[in-house]
Amino acid sequence: MVSRNVERTSFGCRSSDKQPDRRIWNTAASPFGAVGAARYDSDAIRMPRKYARAHAIQNEMICSILGELDRKRPVVVDLGCGTATDGVRILTRMRHAVYLGLDSSPHMLEQAKKKLGGENLTDRCLIIENNILSVDANSLIDALRTVFPSSCVSAVVSSLALHHYDIDEKSRAYTLAHNLLADGGVFIVTDLFTNYMPACAMHALSEEVRGVRRALRRGSTESQRACTTLNEYHYTDENKPLPLGVETQLLMQSGFEHVDIIYRSGQLAVVVAKRGGS
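In this text the structure is predicted, and so the values were computed from the model without any measurement.

(A) Geometry of the overall build of the chain. A count of helical and extended segments in the chain gives ten helices and seven strands. For the chain, the accessible area works out to roughly 12,600 Å², and carbon and sulfur atoms hold 49% of it.

Dropping the structure here:
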């Protein structure tokens, strides 16, 4: 069993002099408020290339699995969908698939709806505003089948969302993902994870901080001051990554039959967990 007393070490990476004011972190100007949501996609473009690579691997895996399952109306559920960049890419490739995006930020979902509408994909998606920890699988499936009666959840994805949660919250999110899936479905997590050994954990965190600094240098003075996810504080103080080994155990304890790690660089990893059955 995974211990609930996993310690999250603070490594005290030196922040730059242009950090956002922490007092506004949980206000409308926060990373998930109106300002952060409007800047999210442009900030993401400036991030290290490994993030684009991880997303590409994740989405390629989803499309391959949807093809293998050969279901009439496969559904991809995105937990913490943000601006639905992954949803657009998946629906564009998989013409028979349905996308359900779940997020607690109305500002992020506003951007998501604009993006999906701009690609004429709204007829194959359902966007729900709620917290991952406040919903249950049955209510989501009921809402989905009200709009798409013959649908079946073949894949659940969560990209750069769950590292904000502690170990008990992640366990609940993993259980939600497992319960949403039909037999043989997969859960793909693209997220940040730390390491057991402090030296290894420090090395991985330092790589992320260096990447953020390089991204900030490529941006404007305004972007450096904005309180978005593109800042060092988000990585050194706000995030709650757990050791990857702990998280794979959590996935197994949540009912998943197999867990594979298909990409890792620094803290970033892509993890695939399969629900048992056909």
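(B) Structural view of the packing of helix H1 (residues 34-46) against helix H4 (residues 106-118). Where H1 meets H4, the closest approach of the two axes is 8 Å, and the angle between their N-to-C directions is 40°. Where H1 crosses over H4, the two elements pack in a sense that is right-handed. Residues Ala34, Ala37, Ala38, Tyr40 and Asp41 of H1 pack against His107, Met108, Gln111 and Lys115 of H4. Among the residues forming the contact of H1 with H4, the class breakdown is five nonpolar, two polar and two charged.

(C) Seen up close, unusual backbone geometry. Located in the positive-phi region is Ala84, a residue other than glycine, with phi close to 65°. Look at Ala84 and you get buried, because its relative accessible area is 0%. Notably, Leu160 is not glycine yet its phi reads approximately 55°, a positive angle. Along the chain, the position of Leu160 falls in the loop between strand S4 (152-159) and helix H6 (167-180).

(D) Fine view of H4. Its 13 residues place the ends of H4 18 Å apart at the C-alpha level, agreeing with the 18 Å of an ideal helix rising 1.5 Å per residue. For H4, every residue scored as buried is listed here: Met108, Leu109, Ala112 and Leu116. Viewed end-on, H4 has its buried residues packed into an arc of 90°, placing them on one side of the element. Exposed residues on H4 whose side chains face more than 90 degrees from its buried face are Lys114 and Gly118. Looking at the buried side of H4, the elements it contacts are H1, helix H3 (85-93), strand S2 (98-103) and strand S3 (125-129).

(E) Highlighting the packing of aromatic side chains. Counted under the stated rule, the structure contains two aromatic pairs. Ring centres of Tyr174 and Phe187 lie 5.8 Å apart, and the angle between their planes is 65°; this geometry places the pair in the edge-to-face category. Linking Tyr174 in helix H6 with Phe187 in strand S5 (residues 186-192), this pair joins segments that are 13 residues apart in sequence. Like Phe187, Tyr174 is buried. Plain terms: the ring middles of Phe187 and Phe256 are 5.8 Å apart, the flat faces sit at 25° to each other, and that makes the pair stacked. Note that Phe187 is positioned in strand S5 and Phe256 in the loop between helix H10 (244-253) and strand S6 (258-265), a separation of 69 residues in sequence. Considered together, Phe187 and Phe256 belong to a single accessibility category, that of buried residues.

(F) Geometry of the pattern of salt bridges. Going through the model one piece at a time under the given rule, you end up with eight salt bridges. With its nearest N and O atoms 2.6 Å apart, the salt bridge here joins Glu208 to Lys50. One end of the pair, Glu208, is in helix H7 (residues 198-217); the other, Lys50, is in helix H2 (residues 49-69), with 158 residues separating them in the sequence. The partner of Glu110 in a salt bridge is Lys114, and the shortest N-O contact between them spans 3.7 Å. Residue Glu110 and its partner Lys114 are both found in helix H4; the two are separated by four residues, about one turn of the helix. Taking relative accessible area as the criterion, Glu110 reaches 40% and is therefore assigned partly exposed. On the basis of relative accessibility, which here comes to 53%, the residue Lys114 falls in the exposed class. What emerges from the salt-bridge pattern is a single network uniting Lys50, Glu207 and Glu208.

So, how was this worked out
Within each chain, residue numbers correspond to sequence positions counted from 1 in written order. The predicted nature of this model means local features are confined to residues of pLDDT at least 70 and side-chain atom pairs, given and counted, to a pLDDT of 80 or more, with totals for whole chains, interfaces and linings taken over all residues. With hydrogens and water excluded, all non-hydrogen atoms of the structure serve as input to the side-chain values. Only runs of H or I of at least four residues qualify as helices and only runs of E of at least two qualify as strands under DSSP, and these elements are numbered from the N terminus. With residues, only the protein chains shown are counted as cover, and all accessible areas are computed by Shrake-Rupley using a 1.4 Å probe. Axis definition: a line fitted to C-alpha atoms, limited for helices to the stretch in contact. Angles are taken between N-to-C directions and run from 0 to 180 degrees. For a crossing to be left-handed, the near helix must be turned anticlockwise from the far one by less than a right angle; the clockwise case is right-handed. Contacts are residue-level and defined by heavy atoms, with any inter-residue pair within 4.5 Å sufficient. Gly falls in the polar group here, along with every residue not listed as nonpolar (Ala, Val, Leu, Ile, Met, Phe, Trp, Tyr, Cys, Pro) or charged (Asp, Glu, Lys, Arg). Burial status follows relative accessibility: with a 1.4 Å probe on protein chains alone, a residue under 20% of its type maximum counts as buried, one over 50% as exposed, and anything between as partly exposed. Between the first and last residue of a helix there are one fewer steps than residues, each counted as 1.5 Å, and that sum is the expected span. Note that the arc is computed from the directions linking the helix axis to the C-beta atoms. To pair, rings of Phe, Tyr and Trp, with the six-membered ring standing in for Trp, must have centres within 6.5 Å; the planes then decide the type, stacked if under 30 degrees apart, edge-to-face if over 60, and tilted in the middle. Salt bridge, as used here: a side-chain nitrogen of Lys or Arg that lies within 4 Å of a carboxyl oxygen of Asp or Glu.

Nothing here speaks to function; it is all geometry.
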